[in-house]
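Spelled out from the first residue to the last, the chains are:
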Amino acid sequence: MLADDVTVTTAQDGQLTVIERIVTDAPARHRIAERVPVSDDEDRLYSITDLQISGAATADGTTVTVTGPATVTYTVDGAVAAGQVRVQLTGGWDRSVDRVTATFSAPGVSTADCYAGRPGSSRQCTFSELRRGGVHAEQNVLRQGDRIELAVQTGPLPENARFVPTGPLAAFAPGFPTVLGGLALVLYLLIGAGVLRRRTRPRGELDLTGTVLDLVARGHLRIADGQVSHGEADPLTPFELAVKTAFPPGPLSAARPDQAALRALLDAEAHRHGWLSARQPHVRLAGLLLAAAGIVTTVVLALTVGEALIGVALLIAGIATFLAAPLVQPRRGRALGTPAGRAQSPLAAEIDAIQALAERRSAVSAQ
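Here the structure is a predicted model, which is why all the values come from computation and not from measurement.

Scoring rules and cut-offs
Residues numbered from 1 in each chain as written. Predicted model: local features only at pLDDT ≥ 70, side-chain atom pairs only at ≥ 80, totals over all residues. Heavy atoms only, no water. Helix = DSSP H or I, 4+ residues; strand = E, 2+ residues; numbered from the N terminus. Polar contact = N/O pair within 3.5 Å; in protein donor to acceptor, adjacent residues only side chain to side chain. Contact = heavy atoms within 4.5 Å. Pairing = 2+ DSSP bridges. Disulfide = S-S within 2.5 Å. Buried < 20%, exposed > 50% of the residue type's maximum accessible area, 1.4 Å probe, protein only. Core = buried A, V, L, I, M, F, W, Y, C linked by side-chain atoms within 4.5 Å. pLDDT = per-residue confidence, 0-100. Arc of directions from axis to C-beta. Salt bridge = Lys/Arg side-chain N within 4 Å of Asp/Glu carboxyl O.

Undergrad: Give a description of the side chain of threonine 90 that names residues and reports values.
TA: Relative to the helices and strands, threonine 90 resides in strand β9 (residues 84-91). Within the structure, the side chain of threonine 90 is placed 3.0 Å from the side chain of tryptophan 93, a separation counted as a polar contact. Discounting chain neighbours no more than four positions away, the residues touching threonine 90 are Asp4, Val6, Glu20, His30, Val100, Leu142, Arg147 and Ile148.

Here it is in structure tokens:
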């Protein structure tokens, strides 16, 4: 003989306290439901907590094994949706249950339905009725694997039901947004690394050949037979003047351009003309805003639907953006100082190229 007397009490926060008083003359196993089919493509999730056992019984997770009289007490969360409390009173037994009685208490009970049989079936229980402050139900025989489920319309209670898709939609179950957020973070970091690689100007030697030849063509510099002489012509920019000064009158081999100073002048001129725009402050601000959004999202999700790791992904992306700001050198137009397709070369080789091109230009002009 196996009998189960169930008492369910509803709290103001929508959680249920369930007490099962079980009597049996032979070992029996009972699995407390945590996931119940609602339709062909959706399941309902319940959280079972605070499981306590007294008497001749043991528990492994939410599976209870009873060998004699025992009392099982636990809390159920996830039973309230649209003003209705729906919960399995008992079920999942590995043998038939001879008799089940149940008492359900909640404020403002107006209607109640009691179902018995396989999960999802709508067969009515042997007996159920509304009583003052709740519902009373009975089932004479509950076959192995069957359940008793109660659906009660109550007064206002906070909704806590959780539903997850099954079948083809199962990919969108809890946990998928976190995975998607992680993949989005990885993609963001990869794209950011690629952009930085393209926009961060190499710090090798400046290619001065073009500027020197331009100064030669404009009459500011004359290079012949390895000798440099100066001339005066149209006004020079600070960068051009610095390049001219770096090639003093005398042997060409004596030229010693100051790479750091020339680079600073070149960058300043590029910024002034709008060829090179530094947006580090904007990137830093974007990183801070992204990190702040990550913190807020983490807190909100942690306190509501979960999936708080999405906010952590935003936070990491914001920190990475802020730290990468000093490396950003967005360009408009041609790259400056390192023409495309030209490998970095020692300054001596560039000076040789300058001399050769200058001498050819002088020869052409003399014809």
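So that's the structure; there's more coming.
Undergrad: Before we move on, can you summarise the sheet that holds strand β16 (residues 221-224) with the specific residues and values?
TA: The sheet built from three strands is open, its strands ordered β16-β17-β18 with antiparallel pairing. Each edge of the open sheet is held by one strand with a lone partner, namely β16 and β18 (250-251). As paired elements, β16 and strand β17 (residues 227-230) share four bridges and run antiparallel to each other. Residue pairing across strands places alanine 224 opposite glutamine 227, the latter belonging to β17.

Undergrad: Pulling in residues and values, what's your account of the state of the cysteines?
TA: Enumeration according to the criterion identifies one disulfide in this entry. Residue cysteine 114 pairs covalently with cysteine 125 via a disulfide, S to S 1.9 Å. Between cysteine 114 and cysteine 125, the disulfide has an S-S torsion of -70 degrees and is therefore left-handed. Highlighted residues: cysteine 114 in strand β11 (residues 111-117) and cysteine 125 in the loop between β11 and β12 (127-131), separated in sequence by eleven residues. For the pair cysteine 114 and cysteine 125, one class covers both residues: buried.

Undergrad: Go over the nonpolar core, please, and point to the residues and values.
TA: The biggest cluster of nonpolar side chains holds 40 residues, and the ones touching the most others in it are Val76, Leu89, Phe104 and Ile148. Considering each element in turn, this core owes the most residues, six residues, to strand β7 (residues 63-77). Setting aside residues no more than four positions away along its own chain, valine 76 makes contact with Gln15, Leu16, Val18, Tyr46, Ser47, Ile48 and Val87. Grouped together as the second largest cluster of nonpolar side chains are twelve residues, Ile223, Phe239, Val243 and Leu252 included.

Undergrad: Provide a residue-level description of the confidence of the model for the protein chain, including the pertinent values.
TA: Taken over all residues, the pLDDT of the protein chain has a mean of 78, while the share at 70 or more is 70%. Summarising per-element confidence for the protein chain, the mean pLDDT is lowest in helix α7 (residues 347-366) (59) and highest in strand β2 (residues 16-24) (97). Every residue in residues 330-347 is under pLDDT 50, and counting partners more than four places away or in other chains gives 36 contacts.

Undergrad: Can you break down helix α3 (residues 238-246) residue by residue, with the values?
TA: Listing the buried residues of α3 in full gives Phe239, Glu240, Val243, Lys244 and Ala246. With its buried residues spanning 160 degrees around the axis, α3 presents them on a single face.

Undergrad: How would you explain the pairing of strand β5 (residues 42-45) if you had to name every residue and give the values?
TA: Pairing of strand β4 (residues 35-39) with β5 involves four bridges; the strand directions are antiparallel. For valine 36, the partnering residue across the bridge sits in β5 and is arginine 44. Joining the antiparallel neighbours β4 and β5 is a turn of two residues. Pairing geometry for β5 and strand β15 (residues 162-165), over four bridges, is antiparallel. Within β15, the position partnered with glutamate 42 by the bridge is proline 165.

Undergrad: Got a sec to walk through the pattern of salt bridges? Specific residues and values, please.
TA: For the structure shown, the criterion picks out 13 salt bridges. Put simply, aspartate 94 and arginine 29 hold a salt bridge, and the shortest N to O gap is 3.6 Å. Residue aspartate 94 is located in the loop between β9 and β10 (99-105), and its partner arginine 29 is located in strand β3 (residues 28-31); the two are separated by 65 residues in the primary sequence. Taking the relative accessible area as the measure of exposure, aspartate 94 reaches 34% and is therefore partly exposed. Overall, arginine 29 belongs to the partly exposed group, its relative accessible area being 42%. Here glutamate 232 makes a salt bridge to lysine 244, at a shortest N to O gap of 3.6 Å. In this pair, glutamate 232 sits in the loop between β17 and α3 while lysine 244 sits in helix α3, placing the two residues twelve residues apart along the sequence. Salt bridges here are not isolated pairs; linked through shared partners, they connect Arg86, Arg147 and Glu149.

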